[in-house]
Every structure is written in C-alpha cells, then in structure tokens.
Amino acid sequence: MKLAIVGGGPAGLYLSILLKRQDPAHEITVYERNPAGSTYGWGVTYWAGLLDKLRAGDPGSAAAVAEASVTWTDGVAIVRDERTVHRGDAGFGIGRRRMLALLADRAAELGVRVEFEHGIAGPDAPELADADLVVAADGVNSALREAHPGHFGSAVASGRNPYIWLGTTKVFDSFSFAFKETAHGWIWCYAYGFSGERSTCVVECSPETWTGLGLDGLGEADSLRLLEKLFHDLLDGHELIGRDRADDAAQWLTFRTLTNRVWHRGNLVLLGDAAHTTHYSIGAGTTLALEDALALADALRSGGDLDTALTTYGKRRRAELVSAQSAARYSAQWYENLPRYMRLEPAQMFALLGQRHSPLLPHIPPQLYYRIDRAAGQLEPLRRFKRWLGPRVARAVHGRR
C-alpha cells in the first residue's frame, strides 16, 4: 500500500512505525507542516499500561520512550498553604519534543519518509492523489476533516475556564497541584516533571478570576511574573517559562472537546485529535492517540477490504473511548465548579479531587460524598451500591440533555 499520513504528532508517527513493521513493502510518508523539533506543549503523561501496549506494538520505540521518561508515585496538593500527600500508582512523564524525536527517528530507521515543513492544505493536494490510504492526523482543526463538512458529524463543546500551558525549571518528583484563593476567586496549577531539568505547569481559573486578576490584558512576560508570585510556594523560587515572546499576549486557551460520529470517508481516516479530544485534566490525550494508532494498525492487519477495516477501527475506538470521555467530562466540570469543594478541609478536598470522574459527585453534597466514599472503602455492600448507582445517574443526566 501507499500511505500518506498528514500530521507528525505521536499518533501519526507511531502509526507509520506499526504499519512499516507489519509490511516493509508499504510506501509510507508522514507530512508535518512544522519544522523538526518545533512543537507546542512541554511534557505529556502516561501510565504503565500504555508502555505494555507500546512494547507489544514496537519494542524498539517503547524502550526508547521508557528510557527517556521520568516517574512519580505520589500526588501532592497545596490548598490554603497546607500541603497534603496522596499515595498513588506510578505515573510517567516525557517531554513532547523528546517523544516526537524518538518516534521520528524510529520511523526513519524503518524506512518511513518523514517530511517536515511540508503542510497539506486539503484532500485535493497532489501528494495524496495516488495514496491507497490517507490518514488525517492533523489535529483538532484538521483541514482534511473540515474539507468534508457534515460527513463526519463533528461536534465541538468549548470549556468555560481559561488555561495556559507553561514550563518551569522546578523539577517535580510527584504530580503536584496548588490551589490559590485571590480577591477575584480561585486559580490553580497542575505540575509534573518530564525530564531531569524541566516540568510542565498548566494554570487554570474561572473567566471571572482571569479578568479580575488582569490576566486577559497582560503580555506573556507580565503574566508569568504574576503567576510566579501566586504559586511561589509550589515553584520554590523557580521561574515559569512561556513561548519566549515576551511582548505578545499570553497564550490562554479554552479547551475544546471534539467528537465525530463517523471516522472515515472513502480512503480518508481520522486519527488522534482529528478524531477526538479529551480534557487535559485526566492526562490521557497522548495515550488515547497512540491507542488509536494501535487499533487502526490492527484493523488493517486483519485483511479484507479497506472500507471494512476502517469501519471496524472506528466502531472499536468510539466504544473504547466512552469511559475516558465520560471521565474527562466530569473532571472538567469538577474544576469548573471548584468553589463547591473548597469549603472542605484540605485532605478531604484532595480526596474528592481524586474522585472527580464520578458521575455521583456533582449530585451529592461534597461532605456527604466524602463520608460515603470513606465508608465504601470499608463496606463491600456500599462499595457495590456506589458502583451500581454511578452509571445510572450518568445515563439519567445525559438523557435529559
């Protein structure tokens, strides 16, 4: 087959590796519009289960990613200047730029052509004319997907809270949170290491806090200085790092959750953020994109005609994503309703932070939910009832929308 993969993110590059390993005779080209080493974002997170899947897909790239990753086992939260620690499962962080470089090198080693600074404007581009399969891995604003309005059933829901993606010279050895109350409301930060020299910091707040603090009108340099003061105890005097465009406006965004009812059209198939997005607060975006690549490679390996393979891939992934999309939706809503939980003691608030994916939590007073959750940990019948009731509440709420 001749394959054109548009977009050199983790999903597109990893798919090229998988398909080239399946059949070295495949002619595969990855088209990436940005220069090599140019990427938005600092570090990405994943958990041990992903590494197992990557090892099965391609041991070489899995070993390289694992070696370049850092690990943490605890969660730390600073709430009203009180520090709380939660013991948890091991998580991993890796620099996005480092991951892309490793995957690009592995793809090239296998014989994939990776062309940087080579954008593809749409499905009529001459580079795609004789491709047997065209993979749209070109992100949430996919030009290939948008060239067929209405076909994919795309829907986008915009989140309420502004957020900004930053780096810092502070190296965190745990996944850390800080919640700061200001005269204009709460502002908070998620922070995690991704190398021995740098960490990622994602800062979020309500629109009212954002405007009240003046962040809507500050340039990047002034924004970073203000945020450094607000999170001084989390950063221990280390600086925040932006895009090195001090005179520009800071790159505040609101998260867009994308879904598509259909994932392919003819020989064009969606992958990664072009097919779906999930709120960053569950730390699953890169994992889900790589799992897309694994599922698409598996569907193509099974043989049969292309349309059947692409249909199978889309159905499988949409079904597998239901749980993650639900968790992401409730997680985003938890942060959008943060003041509801900030009257709790810090340890209780941190415990409910870990329960933010629950469909029950928005419908039960936080203090009562905390007590039920603690009791459920001791009483198996109550734990079973909680597991039974949660999905039913979610279906009832979803059905009213």
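This text follows the structure it describes.
Residue numbering note: each chain is counted from 1, following its sequence as written. With the structure being a predicted model, the display of local features is reserved for residues of pLDDT at least 70 and the display and counting of side-chain atom pairs for 80 or more, all residues being used for whole-chain, interface and lining totals. The basis for every side-chain value is the complete set of heavy atoms in the structure, and neither hydrogens nor water enter the calculation.

S.K.: How would you explain the overall build of the protein if you had to name every residue and give the values?
M.R.: In DSSP terms, a helix is any run of H or I states spanning at least four residues, a strand is any run of E spanning at least two, and both are numbered starting from the N terminus. Broken down by element type, the protein carries 13 helices and 15 strands. For the protein, the C-alpha atoms occupy an extent of roughly 60 × 55 × 40 Å along the three principal directions. The rule is simple: take the accessible area with a 1.4 Å probe, protein chains only, and divide by the maximum for that residue type; under 20% is buried, over 50% is exposed, in between is partly exposed. With 401 residues in all, the protein has 51% of them scored as buried. When the accessible surface of the protein is totalled, it reaches about 18,200 Å², and 51% of it is carbon and sulfur. Positive charges are assigned to Lys and Arg, negative charges to Asp and Glu, while His and the chain termini are left out of the count. The atoms used to mark charge sites are NZ of Lys, CZ of Arg, CG of Asp and CD of Glu. For the protein, the distance from the average site of its 45 positive side-chain charges to the average site of its 46 negative ones is 8 Å. Accessibility throughout is a Shrake-Rupley quantity obtained with a 1.4 Å probe, and a residue counts as covered only by protein chains that appear here.

S.K.: Describe the side chain of His 148, and please don't skip the residues or the numbers.
M.R.: Tracing the backbone through its elements, the reader meets His 148 in the loop between α5 (143-146) and β8 (155-168). A distance of 3.4 Å separates polar atoms of two side chains, one belonging to His 148 and the other to Arg 265. The criterion used for residue contact is that any of the two residues' heavy atoms lie within 4.5 Å. Setting aside residues no more than four positions away along its own chain, His 148 makes contact with Pro 123, Arg 265 and Leu 268. We call two N or O atoms a polar contact when they sit within 3.5 Å, provided that within protein one can donate a hydrogen and the other can accept it, with sequence-adjacent residues counted only if both atoms are side-chain atoms.

S.K.: Can you explain the packing of helix α3 (residues 59-67) against helix α4 (residues 96-110)? Please cite residues and give values.
M.R.: What counts as an axis is a line fitted to C-alpha atoms, over the stretch in contact for a helix, and the angles between N-to-C directions run from 0 to 180 degrees. For the pair α3 and α4, interaxial distance at closest approach is 10 Å and the crossing angle is 155°. As judged from the angle between their axes, α3 and α4 are roughly antiparallel. Remark: the crossing between α3 and α4 carries right-handed chirality. Facing Gly 60, Ser 61, Ala 64 and Val 65 of α3, the residues of α4 in contact are Met 99, Leu 102, Leu 103 and Arg 106. Only Asp, Glu, Lys and Arg are considered charged in this grouping, and only Ala, Val, Leu, Ile, Met, Phe, Trp, Tyr, Cys and Pro are considered nonpolar; every other residue, Gly among them, is considered polar. In terms of residue class, the contact of α3 with α4 is made up of five nonpolar, two polar and one charged. For classification, angles of less than 35 degrees are called roughly parallel, those exceeding 145 degrees roughly antiparallel, those between 65 and 115 degrees roughly perpendicular, and all remaining angles oblique. Two helices cross in a left-handed way if the nearer one is turned anticlockwise from the farther one by less than a right angle. They cross in a right-handed way if the turn is clockwise.

S.K.: Go over the packing of aromatic side chains, please, and point to the residues and values.
M.R.: Given two aromatic rings, one states the distance between the centres and the angle between the planes to describe the pair. Whether two aromatic rings pair depends on their centres lying within 6.5 Å, for rings of Phe, Tyr and Trp, where Trp uses its six-membered ring; planes under 30 degrees apart make the pair stacked, over 60 edge-to-face, and the rest tilted. For the structure on display, the rule yields 18 aromatic pairs. With centroids separated by 5.3 Å and ring planes inclined at 20°, the aromatic side chains of Phe 175 and Tyr 192 adopt a geometry described as stacked. Of this pair, Phe 175 sits in strand β9 (residues 175-182) while Tyr 192 sits in strand β10 (residues 185-193), and the two are 17 residues apart along the sequence. Ring geometry for Phe 177 and Phe 350: centres 6.0 Å apart, planes at 65°, overall edge-to-face.

S.K.: Give me the nonpolar core: which residues, what numbers.
M.R.: The definition of a nonpolar core used throughout is a set of buried Ala, Val, Leu, Ile, Met, Phe, Trp, Tyr and Cys residues joined through side-chain atoms within 4.5 Å. Among the nonpolar cores identified, the biggest contains 65 residues, and Tyr 14 and Leu 15 are the most heavily contacted of them. In terms of residue count, helix α9 (residues 285-301) provides more of this core than any other element does, ten residues in total. Among residues more than four places away in sequence, those in contact with Tyr 14 are Lys 53, Leu 54, Gly 57, Asp 58, Ser 61, Leu 103, Leu 290, Ala 293 and Leu 294. Counting 29 residues, the second-largest nonpolar core is a separate cluster that includes Ala 77, Phe 179, Trp 186 and Trp 334.

S.K.: Give a description of unusual backbone geometry that names residues and reports values.
M.R.: Phi at Arg 80 is positive, roughly 50°, even though this residue is not glycine. Tracing the backbone shows Arg 80 in the loop between β4 (70-79) and β5 (82-95). Unusually for a residue other than glycine, Asp 81 sits at a positive phi of about 70°. Relative to the helices and strands, Asp 81 is located in the loop between β4 and β5. Overall, Asp 81 belongs to the exposed group, its relative accessible area being 61%.

S.K.: Now, about helix α7 (residues 220-230): what can you tell me, with residues and values included?
M.R.: The complete set of buried residues in α7 reads Glu 220, Ser 223, Leu 224, Leu 227, Glu 228 and Leu 230. The buried residues of α7 occupy one face: seen down the axis, they fall within an arc of 160°. Directions from the helix axis toward the C-beta atoms define the arc.

S.K.: Give a detailed account of the environment of Trp 210, specifying residues and quantitative values.
M.R.: Mapped onto the secondary structure, Trp 210 falls in helix α6 (residues 207-212). On the basis of relative accessibility, which here comes to 22%, the residue Trp 210 falls in the partly exposed class. Distance in space between the C-alpha atoms of Trp 210 and His 184 is 8.2 Å, their sequence separation being 26 residues. Dropping the residues within four chain positions of it, Trp 210 is found in contact with Pro 162, Cys 205, Leu 215, Asp 216 and Trp 252.

S.K.: How would you summarise the pattern of salt bridges if you had to cite specific residues and measurements?
M.R.: Only one rule defines a salt bridge in this text: a Lys or Arg side-chain nitrogen within 4 Å of an Asp or Glu carboxyl oxygen. Counting across every chain of the model gives 20 salt bridges. Close ionic contact of Glu 291 with Lys 53 constitutes a salt bridge, the shortest N to O distance being 2.7 Å. With Glu 291 in helix α9 and Lys 53 in helix α2 (residues 48-57), this residue pair connects regions lying 238 residues apart in the sequence. A residue is classified by how much of its surface remains accessible, and Glu 291, at 15% relative accessible area, is buried. Judged by its relative accessible area of 39%, Lys 53 is partly exposed. One salt bridge in this structure joins Lys 180 and Asp 81, with 3.0 Å as the shortest N-O distance.

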